[in-house]
Amino acid sequence: MEFQYSEEQRAVRDMMKSFAAREILPQAEHVDRSQEFPYENWKKLGELGVINMNLPQEAGGSGADMLTQCIAIEEVAYADSSYVPTFAAQQSSCRHILRYAREPQRSQWIEKFVKPICRGDAWGATALTEPNSSSSDAGSMLTTAVRQGDEWVINGNKMYSTAAGLKNTLFVIVWAIIDKETRASRMFLVPSHTPGMVLGRKLEKLGLRGAETREIFFEDCRVPLENILDNEKSAEISPVGDTQFHSRLFHASNALGLQRFCLEEALRFAKDRKTWGVPLSERQLIQGWLAEMSTDIEISTLLRDRAAWRYDRGELGVAEAAMVKYVCAENALKSANYATDIFGGMGYLEGVPVVRRLRDAKGLTIILGGVTLFKWIIAKEMGC
Ligand SMILES: Cc1cc2nc3c(=O)[nH]c(=O)nc-3n(C[C@H](O)[C@H](O)[C@H](O)COP(=O)(O)OP(=O)(O)OC[C@H]3O[C@@H](n4cnc5c(N)ncnc54)[C@H](O)[C@@H]3O)c2cc1C
């Protein structure tokens, strides 16, 4: 196994590192405070070709491998974690079309939806989670889709849909129960502005505030029969299965970028700040924290890189995908916690970047499922 990045991966990393330093980091505190989606930077990310870059070229991506996509996301996240839920929503919404739509809709939707999204001109969203059922348990969903004539009629309520309310969001992929007895579910493509689909308020979050997160209501929302994503693979779709693997890798990369930022800030501060005439970086207890942060970055990197590599080979397993998500997220929260501790009183002030990162890191342990959910998934794979 190779333990170094390819030339292409290094080129993408260097390009994204300088873009993030120049365009993303200087705006990150403003994005956090205003809770405004960074439209201009998103357009530039589209021009750089890093939105859905791992999708095939015929679908508007550049055919990059998953690790290259993850490296690009890690560099964005080094500066601002709040872009990553939107990256994940674009990947999910487009990948679901590519994988589960039937022809001729698939080809039409690639042109109409997937390609503009890859260019950074438009957005898609996914709506699985509900207020009164767990996002990991599709069978408990309350949203239903009932076939009436040549339409599906959707009723229900979804929560936390990322990117559903942006200026040019084109569609939402909605999960719904289609058979109340068997609890079978399917996904439906609901174009924006379809009568009966009503966006709720923009949710105010503790962190990841640049991501637009909405509640959505469906009241007799009608879509044509062909808007069901129902090809021969659809019955296998599961919120804890491989449909969500790409999002786990995206957020593992998010956590990794965040950890690197926290370590750099903490180390810089610890070298500058003197107590009792001695820099904090010379205190062994502080050194222990810094050493743990650095080691956790190595662990996260190795897990993420191997998981991304195995993803491209179709070898990533359920347990491994769960491990990479929860370990990287926990490491991010630990790293941001140590960094804010090292900053002392300043580590409790708004406007100090490590404070924003602590709020973001908390979100990383929740988004896509909590740490205990992933441990449960791993234990199930072990036969428990
Ligand atoms: C910023 C943000 C963006 C989001 N974007 C989207 C989006 O675009 N689309 C979308 O559909 N959703 C989205 N979500 C929802 C998110 O994925 C869910 O909130 C998350 O998966 C947790 O699910 P839940 O809220 O249903 O909690 P639950 O699944 O009810 O879990 C609650 C707690 O119980 C634990 N738990 C659950 N099941 C088990 C188990 N079997 N064993 C042990 N512990 C368990 C969990 O770890 C968690 O700690 C977003 C959330 C956030 C915060």
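Along each chain, residues carry numbers from 1 onward, in the same order as the chain's sequence is written. Owing to the predicted nature of the model, reporting of local features is limited to residues with pLDDT of at least 70; listing and counting of side-chain atom pairs is limited to 80 or more, with chain, interface and lining totals taken over all residues.

## Here we look at the overall build of the protein
Move 1: A run of H or I in DSSP counts as a helix once it spans at least four residues, and a run of E counts as a strand once it spans at least two, with each numbered from the N terminus. For the protein, the helix and strand inventory stands at ten helices and ten strands.
Move 2: When we talk radius of gyration, it's over C-alpha atoms, and the globule rule is simply 2.2 Å times the number of residues to the 0.38. Its C-alpha atoms give the protein a radius of gyration of 21 Å, near enough to 21 Å, the size a compact globule of 384 residues would have.
Move 3: Along the three orthogonal principal directions, the C-alpha set of the protein runs to about 80 × 45 × 40 Å.
Move 4: Residues with at least 20 neighbouring C-beta atoms inside 10 Å of their own are called buried, those with 12 or fewer are called exposed, and the rest are partly exposed, where every C-beta is derived from the backbone. Sorting the 384 residues of the protein into buried and exposed places 51% on the buried side.
Move 5: Residues are scored as being in contact if the C-beta atoms we place from backbone atoms lie within 7 Å. Nonlocal contacts in the protein, meaning residues at least 24 apart in sequence, comprise 72% of its contacts between residues at least 6 apart.

## Here we look at the environment of A176
Move 1: Summarising the element assignment, A176 is placed in strand 4 (residues 169-179).
Move 2: Classification of A176 by C-beta neighbours within 10 Å gives buried; the count is 27.
Move 3: Sequence-wise, A176 and I154 are 22 residues apart; in three dimensions their C-alpha atoms are separated by 7.5 Å.
Move 4: Excluding anything up to four places from it in sequence, A176 contacts M141, T143, T144, A145, I154, G156, S185, R186 and F188.

## A short note on the packing of helix 6 (residues 245-272) against helix 9 (residues 353-364)
Move 1: Each axis is a line fitted through C-alpha atoms, taken for helices only over the stretch in contact, and angles between the N-to-C directions span 0 to 180 degrees. Relative orientation of the contacting elements helix 6 and helix 9 amounts to 155 degrees, with a least axis distance of 10 Å. Taken together, the axes of helix 6 and helix 9 lie roughly antiparallel to each other. As helix 6 packs across helix 9, the resulting crossing turns out to be left-handed. Together, H251, N254, A255, L258, F261, C262 and E265 of helix 6 and P353, V354, R357, D360, A361 and L364 of helix 9 make up the contact between the two elements.
Move 2: Each residue receives one of three labels: charged for Asp, Glu, Lys and Arg, nonpolar for Ala, Val, Leu, Ile, Met, Phe, Trp, Tyr, Cys and Pro, and polar for the others, Gly being one of them. The residue makeup of the contact of helix 6 with helix 9, split by class, is eight nonpolar, two polar and three charged. Orientation categories follow fixed angle ranges, with anything under 35 degrees roughly parallel, anything over 145 roughly antiparallel, 65 to 115 roughly perpendicular, and all other angles oblique. In this scheme the handedness of a crossing depends on how the near helix is turned from the far one: anticlockwise by less than a right angle means left-handed, clockwise means right-handed.

## Points about the site of the ligand
Move 1: The local shell around the ligand holds 25 residues, among which L128, S134, Y160, G370 and T372 are the closest.
Move 2: Taken together, the elements giving at least two residues each to the shell around the ligand come down to helix 4 (84-100), strand 1 (123-127), strand 3 (151-162) and helix 10 (371-381).
Move 3: Taken together, the residues that form the shell around the ligand break down as twelve nonpolar, twelve polar and one charged.
Move 4: For the purposes of this description, domain bounds are those given by an automatic or database domain assignment. No fewer than three residues from each of domain 2 (123-234) and domain 3 (242-381) sit in the shell around the ligand. Using a C-beta atom placed from the backbone, a residue is scored as near a molecule or strand whenever that atom is within 6 Å of it.

## Concerning the environment of A21
Move 1: For A21, the location among the structural elements is in helix 1 (residues 7-34).
Move 2: A count of 13 C-beta atoms within 10 Å places A21 in the partly exposed class.
Move 3: Placed 57 residues apart in sequence, A21 and Y78 show a C-alpha to C-alpha distance of 9.1 Å.

## Some details on helix 8 (residues 318-342)
In an α-helix there are 3.6 residues to a turn, and that puts residues three or four apart on one side.
Move 1: Here a helix's expected span is defined as the number of its residues, less one, multiplied by 1.5 Å. An ideal rise of 1.5 Å per residue puts 36 Å on 25 residues; helix 8 measures up with 36 Å between its terminal C-alpha atoms.
Move 2: One or two residues past the end of helix 8 sits G344, with phi positive at roughly 60 degrees.

## Let's talk about the domain arrangement of the protein
By a widely used convention, the size of an interface equals the accessible area lost when the partners come together.
Move 1: Splitting the protein by domain gives domain 1 (7-119), domain 2 (123-234) and domain 3 (242-381).
Move 2: Computed over C-alpha atoms, the centres of domain 2 and domain 3 are 31 Å apart.
Move 3: Each partner contributes to the interface: domain 2 provides six residues, whereas domain 3 provides six residues.
Move 4: Classifying every residue of the side of domain 2 that touches domain 3 by side-chain character gives two nonpolar, three polar and one charged.

## Section: the packing of helix 3 (residues 66-79) against helix 7 (residues 284-312)
Move 1: Their axes nearest at 8 Å, the elements helix 3 and helix 7 cross at an angle of 140 degrees. Relative to helix 7, the element helix 3 is oriented oblique. Contacts from M66, L67 and C70 in helix 3 reach R304, D305, A308, W309, Y311 and D312 in helix 7.
Move 2: Its residues assigned to classes, the contact of helix 3 with helix 7 comprises six nonpolar, no polar and three charged.

## What about unusual backbone geometry?
Move 1: Cis peptide bonds are those with omega within 30 degrees of zero, and the linkage from E103 to P104 qualifies with 5 degrees.
Move 2: Tracing the backbone through its elements, the reader meets P104 in the loop between helix 4 and helix 5 (105-119).
Move 3: Phi at D220 is positive, roughly 50 degrees, even though this residue is not glycine.
Move 4: Accessibility expressed as a C-beta count within 10 Å gives 11 for D220, which makes it exposed.
Move 5: A positive phi is found at W276, a non-glycine position, where the angle reads about 55 degrees.
Move 6: You can see W276 is positioned in the loop between strand 9 (274-275) and strand 10 (278-279).

## Overview of the environment of E74
Move 1: Here E74 shows up in helix 3.
Move 2: Placed 22 residues apart in sequence, E74 and N52 show a C-alpha to C-alpha distance of 14 Å.
Move 3: Look past the residues within four positions of E74 in its chain and what remains in contact with it is S253, L256 and G257.

## Re the nonpolar core
Move 1: What makes a nonpolar core is a set of buried Ala, Val, Leu, Ile, Met, Phe, Trp, Tyr and Cys residues, with links drawn between C-beta atoms within 7 Å. By size, the foremost hydrophobic cluster in this structure holds 118 residues, and its most contacted members are V76, I154, V174, F188, V190, L249 and I342.
Move 2: Leave out the neighbours within four places in its chain, and V190 touches I154, F171, V172, V174, M197, C221 and V223.

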